[in-house]
Amino acid sequence: MTHPSPVAGARPAVPSAAERAYRHLKQAILEQVYPGGQLVSEGEIAEATGVSRTPVREALLRLESEGLVRLYPKRGALIRPVSAREIADVIEARRLVELHAAERVWPRRAALRADLARWLDEMRRAHAAGDLTALMAADRAFHAAVVEAAGNEILAELYHRLRDRQLRMGEASFRLSPGWAEVALAEHAGQLAALDGDDPQAWRDAVAGHIDTAATMLGALR
């Protein structure tokens, strides 16, 4: 059986109205355009995104399921404030996921190391250029490469949600902490060095130590 060939010059699918509203609002929450504790109305979001209220409601339901907003009928959506408990819970969940992944990937560390080295190079280039957005994206990709290499798609999806929530917690702190980049670069280099060795515990300790650093920096926000 033959399958039709892709149409030459076909354009990528255009996101639905609900998807556009979801992306806009999520980005605004993560970048703290809408800070924690702010109540946002459906009409305000609809006007900002150029869509009707129905797709806005769909987007808000999706964001509520991700723990980023709390919905109040006829009033709008409350951007959930970051609490000390949420920070602790996110770090604990990250530790469970990332340390499990670190153990799973050790037998395949040679292939993983090449990916991590590439993302570390991206981090260094972004840091040299003063591009914080690219730096944080490369940092996130470095961590995600470890989790995704473990081969569990559910854990990988969970991990990305955890990092979304951590981004909301830590963006302002990172912007105000000029030493963060140097610490992250040094600790990621230490993880690569551990992969080059023959001690799986040293690798696991390097991963755990980096999560502990994140916990310390986020804890300083409270």
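Owing to the predicted nature of the structure, the values given are computational and were not obtained by experimental measurement. In every chain, residue numbers begin from 1 and rise along the written sequence. Whole-chain, interface and lining totals are the exception, using all residues; otherwise, since this is a predicted model, local features are given only for residues with pLDDT of at least 70 and side-chain atom pairs are given and counted only at 80 or more. Think of the side-chain values as coming from all heavy atoms in the structure, minus any hydrogens and water.

Caption draft 1: Examining the overall build of the protein more closely. The helix count covers DSSP runs of H or I at least four residues long, the strand count covers runs of E at least two residues long, and both are numbered beginning at the N terminus. A tally of helices and strands in the protein yields 9 helices and 3 strands. In the protein, buried positions account for 40% of the 222 residues. Whether two residues touch is decided by their heavy atoms; if any such pair falls within 4.5 Å, the residues are in contact. The contacts of the protein with a sequence gap of at least 6 include a subset with a gap of at least 24, amounting to 73%. All accessible areas in this document rest on Shrake-Rupley with a 1.4 Å probe, and a residue is counted as covered only by the protein chains that are shown. For the protein, the exposed surface amounts to about 12,200 Å²; the carbon and sulfur share of it is 55%. Accessibility here uses a 1.4 Å probe with only protein chains present; expressed as a share of the type maximum, an area under 20% marks a residue as buried, one over 50% as exposed, and anything in between as partly exposed.

Caption draft 2: The arrangement of the packing of aromatic side chains in detail. A pair of aromatic rings is counted whenever rings of Phe, Tyr or Trp (Trp by its six-membered ring) have centres within 6.5 Å, and the orientation is called stacked for planes under 30 degrees apart, edge-to-face for over 60 and tilted otherwise. Taken as a whole, this structure holds 0 aromatic pairs when the rule is applied. Throughout this description, the term charge over a ring refers to an Arg CZ or Lys NZ atom that lies within 6 Å of the ring centre and within 35 degrees of the ring normal. Looking at Arg109, its charged tip hangs above the ring of Trp106, at a distance of 3.9 Å from the centre.

Caption draft 3: Geometry of the side chain of His143. Along the chain, His143 turns up in helix H6 (residues 132-149). When residues no more than four places from it in sequence are discounted, the contact partners of His143 are Arg94, Glu98, Tyr159, Arg163, His188 and His210.

Caption draft 4: Molecular detail of the confidence of the model for the protein. Values of pLDDT, ranging from 0 to 100, describe the predictor's confidence in every residue of the model. Per-residue confidence for the protein averages 87 on the pLDDT scale, and 89% of its residues sit at or above 70. Overall, residues 1-8 carries pLDDT values under 50, and its contacts beyond four positions in sequence, including any with other chains, amount to 0 contacts.

Caption draft 5: Region of the structure containing empty space enclosed by the protein. Cavities and pockets were defined on a 1 Å grid built over protein atoms only: a cavity is a set of grid points that admits a 1.4 Å probe from which the probe cannot escape, a pocket is an open set flanked by protein on both sides within 12 Å along at least five of seven lines, and lining residues are those with an atom within 4 Å of any such point. Grid points are joined across faces, edges and corners, and a volume is the space filled by probe spheres set on the points. As enumerated under the stated definition, the model contains 1 cavity of 30 Å³ or more in all. What lines the largest cavity is simply Glu98, His143, Val146, Gln191 and Val207. Residues are grouped as follows: Ala, Val, Leu, Ile, Met, Phe, Trp, Tyr, Cys and Pro are nonpolar; Asp, Glu, Lys and Arg are charged; every other residue, Gly included, is polar. Class assignment for the residues of the lining of the largest cavity results in 2 nonpolar, 2 polar and 1 charged.

Caption draft 6: Molecular detail of the environment of Pro55. Summarising the element assignment, Pro55 is placed in helix H3 (residues 53-65). If sequence neighbours within four positions are ignored, Pro55 has contacts with Ala17, Ala18 and Ala21.

Caption draft 7: Looking closely at unusual backbone geometry. Of note, the phi angle at Lys74 is positive, near 70°, even though the residue is not glycine. Looking at the secondary structure, you find Lys74 in the loop between strand S2 (69-72) and strand S3 (76-79). What makes Lys74 exposed here is its relative accessible area of 92%.

Caption draft 8: Local environment of the sheet that holds S2. The 3 strands are arranged S1-S3-S2 in an open sheet whose pairing can be described as antiparallel. Each of the sheet's edge strands pairs with one partner strand only, and the pair in question is strand S1 (39-40) and S2. We treat two strands as partners when DSSP finds at least two bridges between them. Looking at chain direction, S2 and S3 are connected through 4 bridges and run antiparallel. Its bridge partner being in S3, Leu71 is matched across the sheet by Ala77.

Caption draft 9: Inspection of the environment of Ser41 at higher detail. Relative to the assigned elements, Ser41 resides in the loop between S1 and helix H2 (42-49). When its relative accessible area of 30% is taken as the criterion, Ser41 is described as partly exposed. In this structure, the C-alpha to C-alpha distance between Ser41 and Leu78, residues 37 residues apart in sequence, is 8.8 Å. Those residues in contact with Ser41 that sit more than four places away from it in its chain are Arg75 and Gly76.

Caption draft 10: Summary view of the side chain of Glu66. Tracing the backbone through its elements, the reader meets Glu66 in the loop between H3 and S2. N or O atoms closer than or at 3.5 Å make up a polar contact, with two conditions inside protein: a donor-capable atom paired with an acceptor-capable one, and, for residues adjacent in sequence, both atoms drawn from side chains. Polar side-chain contacts of Glu66 include one of 2.7 Å to the side chain of Tyr22. In terms of polar contacts, Glu66 uses its side chain to reach the side chain of Lys26, at 3.3 Å. With residues up to four places along the chain from it excluded, the contact list for Glu66 reads Tyr22, Lys26, Arg161 and Arg165.

Caption draft 11: Structural detail: H6. The first and last C-alpha atoms of H6 sit 26 Å apart over 18 residues, in line with the 26 Å expected at 1.5 Å per residue. When we look at burial in H6, the residues that qualify are Leu132, Leu135, Met136, Ala138, Asp139, Ala141, Phe142, His143, Ala144, Ala145, Val146 and Val147. Gly151 sits one or two positions beyond H6 and adopts a positive phi of about 85°. Expected span of a helix, by definition, is 1.5 Å for each gap between consecutive residues, and there is one gap fewer than residues.

Caption draft 12: Quick peek at the environment of Leu185. By the secondary structure assignment, Leu185 is in helix H8 (residues 180-196). Along the sequence, Leu185 and Asp121 sit 64 residues apart, while their C-alpha atoms lie 9.4 Å from each other.

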